[in-house]
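Observations on the model geometry
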Amino acid sequence: MTPSPLHPAASPLPPLSRRTLIALAALTAGSLAACSSKPPRPSIGGEQLIGSVARTAVPVLRAPDLASAVAACDTLGATALSAQLADGAHSNALVSPASLGLSLAAAALGATDPAAQGINTGLGCADEATRNTTWSAIQNALLAYDGDPSSFDLSAKAPEKPLLHVAYQLLVIAEEGQSTVNQDFIDGVGQWFSADLRRSTPAQARAVLDAWAKLHTGGLIEKSAITRMDPGFVVQNAVLFAARWKTMFEESSTHDQDFTLPDGAVVQVPMMHQSAHMTCTMGSSGASGWKVLRVPYSEGFALDIILPDAGTLPESLPADTWARATALLDEATSEGIEPDVKLALPRIDVTTPGGGFDVLAVLAPLGIDAVPMGRAGEGCVTSEYRQQVRLLIQEDGAKAAALSEQKGLAMAPAPGETTDFIVDHPYAMRLRDLSTGLSLFEAIINDPRG
């Protein structure tokens, strides 16, 4: 395939090895907070490039396979959580389904044969045109709450108006006078996902990737997880989120309380408390019963919590539990089932272990092969794909960060007027964008202490 005529290169560039490595990265972060002033954005470094195709802005109403894409994203999230818990150690598990979906949609533009590789169907779409339109529309829908990531201040309260920022960067990594990146791929990422385009040498690439990651995750993720700076390219996708609860937790009401771990041990954790009208109901998956609660943010988003019956771990619930719980909550919301809920919820700051989890291992059982990347450049393959996640639930709101990186060489019984929802044993959470139904973050919390 013809090497890319990237600007501002002044002359044709010789190709690299057929085993040129690519790096595709998606960073997802939250905890953006309002700031009284907007400091100038720090320099990212590298050399800015100019794309040759204008952005195609697709409204969400034109997304042909939105429901299927959201369902596919749910599958990605559930599979990633299960993979992290497969060792039976009952640790916490975290994932950003949105980050996985958005990063995979960008990667698909460079895949050798996205249909044969299972990427189109894995993203809930029938073909390439539908996939591009649907996932670009999802990005545009999320941008309804866009804001400046440089205004992030971790010490400030979460903003009253939710803030959600989605961005991409494509970094071409090459020695001076060398590159082998196909223009169609560069143009596609720019056209469908408005990627920032940059170029750097291998020696500069680490600093460029780290700077972009730090900026677009508000500093919650300071470094790229890419370990090799081989010639090729990196696509980074950032999704940043912050929102205040509709009803705030009073810090004075937070106190240590018992929490039963999976092994039966009881520990003390800081437990937040509030009483408010919220959608709350109950359901079952097979022989497993659970309660489910929707905790709303100030607008546009909600945190859904599944609390299994005592003695049942969330990881043992059937795979369709999330779908059943979401359907029950949506039904209860439409019917106005909003009792006065006395909620006790652990305050948490949890993260995946260093290096995150292997996304290629998550994709393979789903029939998705993200390795061949021939349309991105001759001989390009994916060699690494990982995601790291951090999630904070605090009195003022929720704050979350994920870093996904791909590198290549029942009917619901109505509760009474008042109900208790005491989260004092392992539980699951899903942070959802209510306009699209997309899951931004999901977690199974077996130990709130992290």
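The written sequence of each chain sets the order in which its residues are numbered from 1. Per-residue local features of the predicted model are confined to residues with pLDDT of at least 70, and side-chain atom pairs are confined, for both listing and counting, to 80 or more; whole-chain, interface and lining totals are unaffected and use all residues. Excluding hydrogens and water, the side-chain values take into account all heavy atoms of the structure.

1. A short note on the overall build of the chain
The helix and strand tally for the chain stands at eight helices and 19 strands. All accessible-area figures derive from a Shrake-Rupley calculation using a 1.4 Å probe, and residue coverage is judged against the displayed protein chains alone. With an accessible surface of roughly 16,700 Å², the chain has 53% of that area assigned to carbon and sulfur atoms. Helical segments are the DSSP runs of H or I of at least four residues, strand segments are the runs of E of at least two, and each set is numbered from the N terminus.

2. Side note on the sheet that holds strand 9 (residues 279-285)
Two orientations exist for strands paired in a sheet by backbone hydrogen bonds: parallel and antiparallel. Two strands pair if DSSP finds at least two bridges between them. Strands sit in the order 3-19-18-11-10-9 across an open sheet of six strands; the sheet is antiparallel. Each edge of the open sheet carries a strand with a single partner, namely strand 3 (93-95) and strand 9. With direction set aside, neighbouring strand axes in the sheet form an average angle of 15°. As paired elements, strand 3 and strand 19 (residues 439-445) share three bridges and run antiparallel to each other. Each bridged residue has a counterpart across the sheet, and for A93 the counterpart in strand 19 is I444. To obtain an axis, a line is fitted to C-alpha atoms, over the contacting stretch when the element is a helix, and the angle between two such axes runs from 0 to 180 degrees between their N-to-C directions.

3. Details of the packing of aromatic side chains
We call Phe, Tyr and Trp rings a pair once their centres come within 6.5 Å, taking the six-membered ring for Trp, and we label the pair stacked below 30 degrees between planes, edge-to-face above 60, and tilted otherwise. All chains considered together, the criterion is met by eight aromatic pairs. Ring centres of W245 and Y297 lie 4.7 Å apart, and the angle between their planes is 10°; on these two criteria the pair is classed as stacked. Of this pair, W245 sits in the loop between strand 6 (232-244) and strand 7 (255-260) while Y297 sits in the loop between strand 10 (288-296) and strand 11 (301-308), and the two are 52 residues apart along the sequence. For every residue, the accessible area obtained with a 1.4 Å probe (protein chains only) is divided by the maximum for its type, and the residue is called buried under 20%, exposed over 50%, and partly exposed between those limits. Given the relative accessible area of 2%, W245 is considered buried.

4. Description of the pattern of salt bridges
Basic side-chain nitrogens of Lys or Arg form a salt bridge, by our definition, when they fall within 4 Å of a carboxyl oxygen of Asp or Glu. Under the counting rule described, the total for this entry stands at 14 salt bridges. In this structure, the salt-bridge partner of R430 is D74, at a minimum N-O distance of 3.4 Å. Linking D447 and R449 is a salt bridge whose minimum nitrogen-to-oxygen distance equals 2.9 Å. With relative accessibility at 16%, the residue D447 sits in the buried group. Each of R294, D304, D330 and R432 takes part in one network of salt bridges that share partners.

5. Regarding the confidence of the model for the chain
Low pLDDT means the predicted coordinates in that region are not meant to be read closely. Predictor confidence is given residue by residue as pLDDT, running from a minimum of 0 to a maximum of 100. Taken as a whole, the chain shows an average pLDDT of 84; of its residues, 88% reach a score of 70 or greater. Here strand 1 (residues 23-30) is the element of the chain with the lowest mean pLDDT, 38, and helix 3 (residues 119-122) is the one with the highest, 98. Scored below 50 in pLDDT, residues 1-39 shows 167 contacts in the model against residues more than four places distant or in partner chains. In this analysis, two residues are considered to be in contact whenever any of their non-hydrogen atoms come within 4.5 Å of each other. Confidence over residues 410-415 falls short of pLDDT 50; this stretch has 15 contacts with residues more than four positions distant or in other chains.

6. What to know about helix 7 (residues 321-334)
With 14 residues, helix 7 extends 20 Å between its outermost C-alpha atoms, agreeing within 8% with the 20 Å of an ideal straight helix rising 1.5 Å per residue. Those residues of helix 7 that sit buried are T321, W322, A325, T326, L328, L329 and A332. Relative to the axis of helix 7, the buried residues are bounded by an arc of 165° and lie together on one face. Away from its buried face, by an angle of more than 90 degrees, helix 7 presents the exposed residues A323 and S334. Summarising the contacts, the buried residues of helix 7 are in contact with helix 1 (66-84), strand 9, strand 10, strand 11, strand 18 (427-433) and strand 19. One or two residues past the end of helix 7 sits G336, with phi positive at roughly 70°. Under the convention used throughout, the expected extent of a helix is 1.5 Å for every residue step, that is, one less than its residue count. The directions from the helix axis to the C-beta atoms are what the arc is built from.

7. Comments concerning unusual backbone geometry
Among all residues save glycine, negative phi is the norm, and among peptide bonds the norm is trans. Not every positive phi belongs to a glycine, and H90 is a case in point at roughly 60°. Tracing the backbone shows H90 in the loop between helix 1 and strand 3. Under the relative-accessibility criterion, H90 is labelled partly exposed at 31%. At S194, a position not held by glycine, the phi torsion is positive, near 50°. Along the chain, the position of S194 falls in the loop between helix 5 (183-193) and strand 5 (196-200).

8. Thoughts on the environment of V295
With respect to the helices and strands, the residue V295 is situated in strand 10. For V295, a relative accessible area of 2% corresponds to the buried category. For the pair V295 and T279, spaced 16 residues apart in sequence, the C-alpha to C-alpha distance is 7.6 Å. Residues contacting V295, with those up to four places away along its chain left out, are W245, M278, A302, L303, I305 and L343.

9. Looking at the nonpolar core
Residues belong to a common nonpolar core when they are buried Ala, Val, Leu, Ile, Met, Phe, Trp, Tyr or Cys residues joined through side-chain atoms within 4.5 Å. Counting 109 residues, the largest nonpolar core has W135, L343, I393, Y427, M429 and L440 as its most contacted members. Broken down by element, the residue count for this core peaks at eight residues, all from helix 2 (residues 97-108). Ranked by size, the runner-up nonpolar core spans 14 residues in total, among them L209, W212, M229 and V234.

10. What to know about helix 1
Along its 19 residues, helix 1 runs 27 Å from first to last C-alpha, staying within 8% of the 27 Å computed at 1.5 Å per residue. Along helix 1, the residues that are buried comprise A69, V70, A72, C73, D74, L76, G77, T79, A80, L81 and Q84.

11. Some points on the packing of helix 1 against helix 4 (residues 128-142)
At their nearest, the axes of helix 1 and helix 4 sit 10 Å apart, and the two run at 80° to each other. It follows from the interaxial angle that helix 1 and helix 4 lie roughly perpendicular. Of the residues in helix 4, those in contact with L66, A69 and C73 of helix 1 are T134, W135 and I138. Each residue gets one label: Ala, Val, Leu, Ile, Met, Phe, Trp, Tyr, Cys and Pro are nonpolar, Asp, Glu, Lys and Arg are charged, and the others, such as Gly, are polar. Counted by class, the contact of helix 1 with helix 4 contains five nonpolar, one polar and no charged residues. Any angle that falls under 35 degrees is termed roughly parallel, while one over 145 is termed roughly antiparallel, one within 65 to 115 roughly perpendicular, and all others oblique.

12. With respect to the pairing of strand 10
Among the nine residues in strand 10, seven count as buried, and that is most of the element. Bridge count for strand 9 against strand 10 is seven bridges, and the pairing is antiparallel. If you follow S285 over to strand 10, its bridge partner there is S288. Count of turn residues in the strand 9/strand 10 antiparallel hairpin: two residues, of which G286 carries a positive phi of about 65°. As paired elements, strand 10 and strand 11 share seven bridges and run antiparallel to each other. Paired with R294 across the two strands is D304, which belongs to strand 11. The turn joining strand 10 and strand 11, which pair antiparallel and follow one another in sequence, is formed by four residues; a positive phi near 80° is taken by G300.

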